[in-house]
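Okay, here's what each chain looks like letter by letter:
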There are 2 protein chains.
Amino acid sequence: MTTERQYVEAHRDLLHADLDGWLRIPSISADPAHAADVRASAEWLAAAFRRDGFPTVEVWETPGAPAVFAEWPAAEPGAPVVVVYGHHDVQPVDPIEKWTTPPFEPTVRGEELFARGAADDKGQLLFHLHGLRAHLAATGRDTPAVTLRFLIEGEEESGSPHFADLLRARRDRLAPDIVVVTDTGVFARDFPTTTVGMRGLTGCQIDFHGPDVDLHSGSFGGAVPNPLTALARLLAALHDEDGRVAIPGFYDRVAPLADSERTAYGNLPFDEAAWLAGPAHSRAATGEAGYTTLERIWARPTAEVNGMWGGYTGPGHKTIVPADASAKLSFRLVSGQRGGDLRPLVERWLAEHTPAGITATLHWGGDGVAPVTTPIDSPALAALVRSMERSFGQPVGYSREGGSGPEADLAEVLDAPVIFLGVGLPDDAIHSPNERVVLPMLERGAEAAAYLWSELASPGANPSAS
Amino acid sequence: MTTERQYVEAHRDLLHADLDGWLRIPSISADPAHAADVRASAEWLAAAFRRDGFPTVEVWETPGAPAVFAEWPAAEPGAPVVVVYGHHDVQPVDPIEKWTTPPFEPTVRGEELFARGAADDKGQLLFHLHGLRAHLAATGRDTPAVTLRFLIEGEEESGSPHFADLLRARRDRLAPDIVVVTDTGVFARDFPTTTVGMRGLTGCQIDFHGPDVDLHSGSFGGAVPNPLTALARLLAALHDEDGRVAIPGFYDRVAPLADSERTAYGNLPFDEAAWLAGPAHSRAATGEAGYTTLERIWARPTAEVNGMWGGYTGPGHKTIVPADASAKLSFRLVSGQRGGDLRPLVERWLAEHTPAGITATLHWGGDGVAPVTTPIDSPALAALVRSMERSFGQPVGYSREGGSGPEADLAEVLDAPVIFLGVGLPDDAIHSPNERVVLPMLERGAEAAAYLWSELASPGANPSAS
């Protein structure tokens, strides 16, 4: 009998052959010229599911690009149902001239494979296929230990415009006990982690109207309300001196961060100076007092001014009291918060900070995206961590992501806990030229996936058996 | 012997004929296509000065449009020298379709004469010619009682770009004891006033730089300084809760308003509700606590945000922490303040309000325009008020203007007190379609000018005799 690891390593040629085949299809969903390629990508994946033994494989149409659904029931009637989420479309490739080798000619250099989609997300989906083969070979089973339902969308890189509708329409076919999202990464190659949360998002635009026309500041300046000054005062009142969002009630529904999670983040080898000089391109860390940088970007809600404008903005000077001023704000939400709940709080705060003579208009951006959080004490998370620790051979920590996409729809529409099995690395360049995946990371993912189905089916981790 | 008033009324046809002639010349200085018309306007005026007896009349060239200089010395060697300032160019006429009669076909309807330039400034200069004829006729003199030097520029409506240089180059030819500016108006037809001050102006642009690139607010929001938030906090700190400019030292050199002036403004029939609904197009009066609206726009210094921009300002939302944010500020200055003195105060204030991680750049707009103030106790002002009171037959009050143009250059370069003899009305529509002048107001101006040369030459008012 072979072990999961032995299978993964002995048959890595299968994984490499799949990578080389699928990554040659330029499934760029944002470019209408590639619509046929996105469809070819879906067909390629559907064929791979069929080849590997999935009894049900369907291409699900949407008003945009097609998704792929593949189901393989466990033999045991009480086995948990797991939906695995990923996407088969890829980012555009511009600037093409910065690629060392063509983005759709997969090229191995050392232990790295370079191609658009290598890490985001085709490579990670292929570790699932490889891992399932290892799972079946190592356990001697004819079916997975859990009922597997893969849902692989084709518009993630275009903002998943039809995904929530698709989930609602297909809810009965999906009906999971657990959702496994495979579109994330680990904190560092030598520090494996699983994502346990993503922040939600909502936003608004605020328009302040003062005089009905731009006024000459010589004739009127100093005697009528200036909407730019009023808006500056409003935005200055968005945070208090401790960097906390000062909208009354903003934190009322925020679930406090668990001590275990804070400890886990504190244990991560985070180099703030390198982060500032590198990805943050900034000269200082700042934010809500009492929290670390990782907590601020992963696990705390924020209010951010994304844009502001008003008055004369051209060269030279035009001495006016402008008629109008506007700002765009966005709010990152965490567990317990919903965009819709925030709206009345913002309305009240805005009314309290609108001075006499200024007319305020709030354009609310909708309910937005809900936050996603994996409960730290969830048996499914424990099963995932055990699987990853067996594969990586070292402790697995927690991380989060500051923004979220379709993951929130999965949690909301399917009403199931979401766990994250992903092996991307921060320097995989997933939306940039020279995207790559580290091949040994895909093997760690395959092995972890192979264990995961067994772990989730074990009595202590099976949510449908509790 | 005729009186000044009798002469003005008996010979009003002369005034009307001059109006009809000069107002037909479309001397729009802002439009290069009218350059020849601006020159024709200068030549028309020079010919009128010669016709009326000025022994010296010259057209003074500038790199732009020509000015007209005309001198008529008093017979008495010790007579004061008066420079009269005005301009012979006019505003553009767009939107032309809103004119009831063509802008360069002067049309009398009732006691009003409609034409571009009727009030601003050709009509007012023609009352001077008519007034000087009345002065000579009524006093029986062969020369004016003061040495008159008219300087009539041709680029006032284009921002007087060459005027200060012209004054510096011709300072010895001008060398006045008193400057009479004739390019302003009275508070109301039934409430004649003279302007006793104009605010100065300086400005700057402030750029705040945060991250070196626009950052994704999901991945970085809440942990790095946002330059828009920082700029909003800076601008919110521009005024205190009492509407006072909160830049330390801003008021240090501001001369307090004289009680007599505040009383004079308080006596003006100012209808704030009508002002708000009318020219101010605003729904509330606001500003520095402890001052009335008229004091705020005429006689108190201000800081105004003229424009601000940064981040994403297009349709929809882009959730970024922007790299840059900018604002344009202007400051209205009053007696005692100079733009150059303000710069170090703004630099210090800016440095104190620049948070860690933000790089601030101040683009100072130069020394700007100095404020102009007529000393309330000046003998020349008393002579002007006596002249106007004799002409209008009622008390004459004080007013100010919130902005200034070449008047500041006159005061600074020529180093002489500036008084304002103007009879424009607030609803003369001087920069709008259907500009008009009220003909009886021009007669009041002519009569006041006729008295003014005698009043200024009287022992008590002659500054050169003191």
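Since the structure is predicted, the reported quantities are computational estimates derived from the model, not experimental observations. Positions within a chain are numbered from 1, following the residues in the order the chain's sequence is written. Labels are handed out in written order, letters beginning with A for the chains and numbers beginning with 1 for the ligands. In keeping with the model being predicted, local features are shown solely for residues with a pLDDT of at least 70 and side-chain atom pairs are shown and tallied solely at 80 or more, while totals for entire chains, interfaces and linings include all residues.

Caption draft 1: Representation of the overall build of chain A within the structure. Runs of H or I in DSSP of at least four residues are treated as helices and runs of E of at least two as strands, each being numbered from the N terminus. Helices and strands together make up the secondary structure of chain A, namely 15 helices and 18 strands. The C-alpha radius of gyration computed for chain A amounts to 25 Å, which stays within 12% of the reference 23 Å derived for 466 residues, consistent with globular compactness. Burial analysis of chain A (466 residues in total) assigns 55% to the buried set. Looking at chain A alone, contacts between residues at least 24 apart form 81% of all its contacts between residues at least 6 apart. We compute the radius of gyration from the C-alpha atoms alone; for a globule the expected value is 2.2 Å times N to the 0.38, where N is the number of residues. Remark: C-beta atoms are placed from the backbone, and a residue is labelled buried if 20 or more other C-beta atoms sit within 10 Å of its own, exposed if 12 or fewer do, or partly exposed between those counts. Residues are scored as being in contact if the C-beta atoms we place from backbone atoms lie within 7 Å.

Caption draft 2: Spotlight on the relation of the copies chain B and chain A. Alignment of the copies relies on least squares applied to C-alpha atoms, considering only residues that score at least 70 for pLDDT in both. By a simple turn and slide, chain B fits onto chain A: the slide is 0.1 Å along the axis, the RMSD is 0.1 Å, and the turn is 180 degrees. With respect to symmetry, the two chain copies, as superposed, fit the operation of a two-fold axis. Both copies contact each other with a shared surface, as 100% of the interface residues of chain B are interface residues in chain A too.

Caption draft 3: Broad picture of the sheet that holds strand 2 (residues 67–72) of chain A. Residue and element names in this part refer to chain A. In this analysis, strands are considered paired if DSSP registers two or more bridges between them. Strand order in this open sheet of six strands is 1-2-6-3-7-17, and the pairing throughout is mixed. The open sheet has two free edges, formed respectively by strand 1 (56–60) and strand 17 (418–420), since each of these has just one partner strand. The sheet shows a mean angle of 20 degrees between the axes of neighbouring strands, direction not considered. When strand 1 meets strand 2, the two strands line up antiparallel, connected through five bridges. The residue of strand 2 that forms the bridge with Trp60 is Ala67. Here, axes are lines fitted to C-alpha atoms. For helices the fit covers the stretch in contact, and angles between N-to-C directions go from 0 to 180 degrees.

Caption draft 4: Summary view of the UniProt feature "domain: Peptidase M20 dimerisation" (unreviewed entry) in chain A. UniProt positions are given in the numbering used here, feature names are shortened, and annotations may be inferred rather than shown by experiment. As recorded in UniProt, the sites labelled "domain: Peptidase M20 dimerisation" (unreviewed entry) are residues 197–356 of chain A. Along residues 197–356 of chain A the backbone is 30% helical and 22% strand, and the end-to-end C-alpha distance reaches 42 Å.

Caption draft 5: Highlighting unusual backbone geometry. Of the consecutive residues Asp94(B) and Pro95(B), the connecting peptide bond is found in the cis state with omega at -5 degrees. By the secondary structure assignment, Pro95(B) is in the loop between strand 3 (81–87) and strand 4 (107–109). Between Asp120(B) and Asp121(B) the backbone carries a cis peptide bond, its omega angle lying at 15 degrees. Phi angles above zero are rare outside glycine, and His281(A) is one such case at about 45 degrees. Its location among the elements puts His281(A) in the loop between helix 10 (272–277) and helix 11 (293–298). Taking the C-beta count within 10 Å as the criterion, His281(A) has 17 such neighbours and is therefore assigned partly exposed. Notably, Asn434(B) is not glycine yet its phi reads approximately 65 degrees, a positive angle. Residue position: Asn434(B) is located in the loop between strand 17 (418–420) and strand 18 (436–438). Given 16 C-beta atoms within 10 Å, Asn434(B) falls into the partly exposed group.

Caption draft 6: Region of interest: the interface of chain B and chain A. Each partner contributes to the interface: chain B provides 64 residues, whereas chain A provides 65 residues. The biggest single contributor to the side of chain B that touches chain A is strand 11 (residues 302–311) of chain B, with nine residues. Lys, Arg, Asp and Glu make up the charged group, whereas Ala, Val, Leu, Ile, Met, Phe, Trp, Tyr, Cys and Pro make up the nonpolar group; the residues left over, Gly among them, are polar. Among the residues forming the side of chain B that touches chain A, the class breakdown is 25 nonpolar, 28 polar and eleven charged. Strand direction decides the pairing type here: strand 11 (residues 302–311) of chain A and strand 11 of chain B, joined by five bridges, are antiparallel. Across the sheet, residue Trp309(A) finds its bridge partner in strand 11 of chain B, namely Trp309(B).

Caption draft 7: A look at the nonpolar core. To define a nonpolar core, we join buried Ala, Val, Leu, Ile, Met, Phe, Trp, Tyr and Cys residues through C-beta atoms within 7 Å and take the resulting set. Judged by nonpolar contacts, the single largest core of 262 residues is most densely connected at Val179(A), Leu231(A), Val179(B) and Leu231(B). Once you skip the residues sitting within four places of it in the chain, Val179(B) turns out to touch Val83(B), Tyr85(B), Leu410(B), Leu414(B), Ala416(B) and Val418(B).

Caption draft 8: The arrangement of the pairing of strand 8 (residues 193–198) of chain A in detail. All names here are of chain A. Counted residue by residue, strand 8 has six buried out of six residues, so it is predominantly covered. Bridge count for strand 8 against strand 16 (residues 397–401) is four bridges, and the pairing is parallel. Note that in strand 16 the partner of Thr193 across the bridge is Gly397. Taken together, the two bridges between strand 8 and strand 15 (residues 372–373) define a ladder with antiparallel strand orientation. Bridge assignment links Gly197 to a residue of strand 15, and that residue is Thr373.

Caption draft 9: Examining helix 4 (residues 122–139) of chain A more closely. All names here are of chain A. With 18 residues, helix 4 extends 26 Å from end C-alpha to end C-alpha; this agrees with the ideal 26 Å at 1.5 Å per step. In terms of burial, helix 4 is a largely internal element, 16 of the 18 residues being buried. Directly after helix 4, the chain includes Gly140, whose backbone phi takes a positive value near 70 degrees. For a helix, the expected span equals 1.5 Å multiplied by the number of residues minus one.

Caption draft 10: The domain arrangement of chain A, seen in detail. Residue and element names in this part refer to chain A. In terms of domains, chain A is made up of domain 1 (4–198 + 371–465) and domain 2 (200–254 + 301–364). Counting from both sides, the interface comprises seven residues of domain 1 and, opposite them, seven residues of domain 2. Of the residues belonging to the side of domain 1 that touches domain 2, the class tally is two nonpolar, five polar and no charged. In this entry, domain limits derive from an automatic or database-based domain assignment.

Caption draft 11: Region of interest: the confidence of the model for chain A. Residues of chain A with pLDDT of at least 70 account for 99%, and the chain-wide mean is 95. The complex model carries a pTM of 0.89, and its ipTM stands at 0.89. What pLDDT conveys is the predictor's confidence in a given residue, as a value from 0 to 100.

Caption draft 12: Expanded view of the sheet that holds strand 15 (residues 372–373) of chain B. Reading across from one edge, 15-8-16 (chain B) is the order of the three strands in this open sheet, with mixed pairing throughout. Taken across any chain shown, the strands that pair with only one partner, and hence form the sheet edges, are strand 15 and strand 16 (397–401) of chain B.

Caption draft 13: Spatial organisation of the environment of Ala383(A). Relative to the helices and strands, Ala383(A) resides in helix 13 (residues 379–392). When the C-alpha atoms of Ala383(A) and Thr147(A) are compared, they prove to be 16 Å apart, with 236 residues separating the residues in sequence.

Caption draft 14: Up close: the packing of helix 2 (residues 12–22) of chain B against helix 4 (residues 122–139) of chain B. All names here are of chain B. The contact between helix 2 and helix 4 brings their axes to 10 Å, and the two run at 145 degrees. When you trace helix 2 past helix 4, the crossing you get is right-handed. Contact residues: helix 2 offers Leu14, Leu15, Asp18, Leu19 and Trp22, while helix 4 offers Lys122, Gly123, Leu126, Leu129 and His130. When the residues that make up the contact of helix 2 with helix 4 are grouped by side-chain class, the tally is six nonpolar, two polar and two charged. Working rule for handedness: look at the near helix, and if it is turned counterclockwise from the far one by less than a right angle, call the crossing left-handed; if clockwise, right-handed.

Caption draft 15: The packing of helix 8 (residues 227–236) of chain A against helix 8 (residues 227–236) of chain B, seen in detail. Packing of helix 8 of chain A against helix 8 of chain B leaves a shortest axis separation of 7 Å and a crossing angle of 115 degrees. When the axes of helix 8 of chain A and helix 8 of chain B are compared, the crossing they make is left-handed. Contacts between helix 8 of chain A and helix 8 of chain B involve Thr229(A), Ala232(A), Arg233(A), Leu235(A) and Ala236(A) from the former and Thr229(B), Ala232(B), Arg233(B), Leu235(B) and Ala236(B) from the latter. Of the residues that constitute the contact of helix 8 of chain A with helix 8 of chain B, the class distribution is six nonpolar, two polar and two charged.

Caption draft 16: Molecular detail of the pairing of strand 9 (residues 200–209) of chain B. All names here are of chain B. Burial analysis of strand 9 places seven of its ten residues in the buried class, which makes it a mostly covered element. Across ten bridges, the pairing between strand 9 and strand 13 (residues 324–333) is antiparallel. Residue pairing across strands places Asp207 opposite Ser326, the latter belonging to strand 13. As defined by bridge partners, strand 9 adjoins strand 14 (residues 359–364) across six bridges and the pair is classed as antiparallel. When the sheet's bridge partners are listed, Gln205 is paired in strand 14 with His363.

Caption draft 17: Examining the environment of Glu61(B) more closely. Residues and elements named next belong to chain B. You can see Glu61 is positioned in the loop between strand 1 (56–60) and strand 2 (67–72). Owing to 13 C-beta atoms within 10 Å, Glu61 belongs among the partly exposed residues under this scheme. Between the alpha carbons of Glu61 and Leu166 there is a distance of 8.8 Å; along the sequence they are 105 residues apart.

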